Amino acid sequence: DARVTQTPRHKVTEMGQEVTMRCQPILGHNTVFWYRQTMMQGLELLAYFRNRAPLDDSGMPKDRFSAEMPDATLATLKIQPSEPRDSAVYFCASGRSWGGELFFGEGSRLTVL
Amino acid sequence: DQQVKQNSPSLSVQEGRISILNCDYTNSMFDYFLWYKKYPAEGPTFLISISSIKDKNEDGRFTVFLNKSAKHLSLHIVPSQPGDSAVYFCAASVGHNNDMRFGAGTRLTVKP
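Every value quoted in this text rests on a predicted model; they were computed, and no experiment measured them.

K.L.:
I'm lost on the pattern of salt bridges in this one. Help?
P.N.:
It is possible for side chains bearing opposite charge to pair when their charged atoms get close. Using the criterion set out here, one finds nine salt bridges over all chains in the structure. Residue Asp 56 of chain A is joined to Arg 101 of chain B by a salt bridge in which the shortest nitrogen-to-oxygen separation is 3.3 Å. On the criterion of chain membership, the pair formed by Asp 56 of chain A in strand E6 (residues 53-56) and Arg 101 of chain B in strand E10 (residues 101-102) is interchain, its members lying in two chains. Overall, the relative accessible area of 17% leaves Arg 101 of chain B in the buried class. Among the salt bridges present, the one from Arg 101 of chain B reaches Asp 99 of chain B, with a minimum N-O distance of 2.8 Å. The network of salt bridges with common partners includes Arg 64, Glu 83, Arg 85 and Asp 86 of chain A.

Dropping the structure here:
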């Protein structure tokens, strides 16, 4: 049963600390997305990759957020330094650029105190 | 900028009746549209999609309608069931899974 795996599921940290969220996309998928769920914006696109190349990260605050795909089985989203306003659920999703839908992970709930 | 808009944060319907969820988009380049369903503490799951070459797609109790001239799509659920209670997200992309944008979601409550 193929699925997108995200770690950690929950993270509580203090303001100023570095946070790294990880995502293992479904094998064979060549697009990976990072979304943040907020009450006002819904699912806000932060960044996405195709064939490991970053295509758009305009949704991320560049001074503190960074997204990478070191290899085809791992995508990372890093926040440094974290702030209380970053508290949200972060979702990773993967899919195929030639068809089908996006599959989402269960999300990483981040709380910054 | 919010390229995909769901203007109704919530909707409540009686079991057995029709649920209609609406979505508007601004980017005329979007050509692939999807609806996702989300339960609490879970990731969104795919429900139904439609390509811009069609104006209707049906899958069991779920039908999506696309009005390209109005840049509007809707999801109809008939008949609605209590298990349909969830948050529904509308999404749009240019081509498959490229720059996919989501709306803010509509919370559907189906009352027994």
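K.L.:
Teacher, can you tell me more about the nonpolar core here?
P.N.:
Side chains of a nonpolar character, in soluble globular proteins, are inclined to be buried together. Ranked by internal contacts, the top residues of the largest apolar core, which has 23 residues, are Phe 33, Trp 35, Leu 73, Leu 75 and Tyr 88 of chain B. Looking at this core, the elements with two or more residues in it are strand E3 (19-25), strand E4 (32-38), strand E5 (45-51), strand E7 (62-67), strand E8 (72-77), strand E9 (86-93) and strand E11 (106-111) of chain B. In terms of residue count, E9 of chain B provides more of this core than any other element does, four residues in total. Apart from residues lying up to four places away in sequence, Phe 33 of chain B is in contact with Tyr 25, Ile 48, Ser 49, Ile 50, Ser 52, Leu 66, Leu 73, Ala 91 and Ala 92 of chain B. If you look at the next biggest cluster of nonpolar residues, it comprises 22 residues, including Val 19, Ala 67, Ala 88 and Val 112 of chain A.

K.L.:
Explain the interface of chain A and chain B to me, please; I cannot follow it from the model alone.
P.N.:
For an interface, size is often stated in terms of accessible area lost upon the parts coming together. With 25 residues of chain A at the interface, the matching set in chain B holds 20 residues. Looking at the side of chain A facing chain B, the largest losses of area belong to Leu 43, Glu 101 and Phe 104 of chain A, adding up to 27% of the total buried there. In this structure, the connection of chain A to chain B is made through one salt bridge. Where chain A meets chain B, there are four residue pairs in polar contact (both at pLDDT 80 or more). Contributions of two or more residues to the side of chain A that touches chain B are made by strand E4 (31-38), strand E5 (42-50), strand E9 (88-96) and strand E10 (99-104) of chain A. A per-class count over the side of chain A that touches chain B returns 10 nonpolar, nine polar and six charged.

K.L.:
How should the state of the cysteines be read in this particular structure?
P.N.:
Any covalent bond linking the sulfur atoms of two cysteines counts as a disulfide. All names here are of chain A. Evaluation of the coordinates by the stated rule reveals two disulfides over all chains. Here Cys 23 engages in a disulfide with Cys 92; their sulfurs sit 1.9 Å apart. With the S-S dihedral at roughly -60 degrees, the linkage between Cys 23 and Cys 92 falls on the left-handed side. Of the two residues, Cys 23 sits in strand E3 (residues 19-24) while Cys 92 sits in strand E9, which places them 69 residues apart along the sequence.

K.L.:
Just to check I follow, could you spell out the sheet that holds E3 of chain B for this structure?
P.N.:
Strand order in this open sheet of five strands is E1-E3-E8-E7-E6 (chain B), and the pairing throughout is antiparallel. The open sheet has two edge strands, strand E1 (4-5) and strand E6 (56-59) of chain B, and neither has a second partner.

K.L.:
Would you mind showing me how to read the packing of aromatic side chains here?
P.N.:
Tallying each qualifying case throughout the model produces 12 aromatic pairs over all chains. Summarising the aromatic geometry, the rings of Phe 91 of chain A and Phe 104 of chain A are spaced 6.2 Å apart at their centres and angled 80 degrees between planes, so their arrangement reads as edge-to-face. In this pair, Phe 91 of chain A is assigned in strand E9 and Phe 104 of chain A in strand E10, connecting sequence segments 13 residues apart. Phe 91 of chain A sits in the buried class, given a relative accessible area of 1%. Classification of Phe 104 of chain A as buried rests on a relative accessible area of 11%. Measuring from centroid to centroid gives 5.5 Å for Phe 104 of chain A and Tyr 36 of chain B, while their planes differ by 75 degrees, and the two rings are edge-to-face. One end of the pair, Phe 104 of chain A, is in strand E10; the other, Tyr 36 of chain B, is in strand E4, on a second chain. By way of ring pairs, the aromatic residues Phe 33, Tyr 35, Tyr 48, Phe 91 and Phe 104 of chain A together with Tyr 36, Phe 46, Phe 89 and Phe 102 of chain B are connected into one cluster.

Conventions used here
Residues numbered from 1 in each chain as written. Chains lettered and ligands numbered in written order. Predicted model: local features only at pLDDT ≥ 70, side-chain atom pairs only at ≥ 80, totals over all residues. Heavy atoms only, no water. Salt bridge = Lys/Arg side-chain N within 4 Å of Asp/Glu carboxyl O. Helix = DSSP H or I, 4+ residues; strand = E, 2+ residues; numbered from the N terminus. Buried < 20%, exposed > 50% of the residue type's maximum accessible area, 1.4 Å probe, protein only. Core = buried A, V, L, I, M, F, W, Y, C linked by side-chain atoms within 4.5 Å. Contact = heavy atoms within 4.5 Å. Buried area = accessible area lost by both parts, 1.4 Å probe. Polar contact = N/O pair within 3.5 Å; in protein donor to acceptor, adjacent residues only side chain to side chain. Nonpolar A, V, L, I, M, F, W, Y, C, P; charged D, E, K, R; others polar. Disulfide = S-S within 2.5 Å. Pairing = 2+ DSSP bridges. Phe/Tyr/Trp six-rings, centres within 6.5 Å; stacked < 30°, edge-to-face > 60°.

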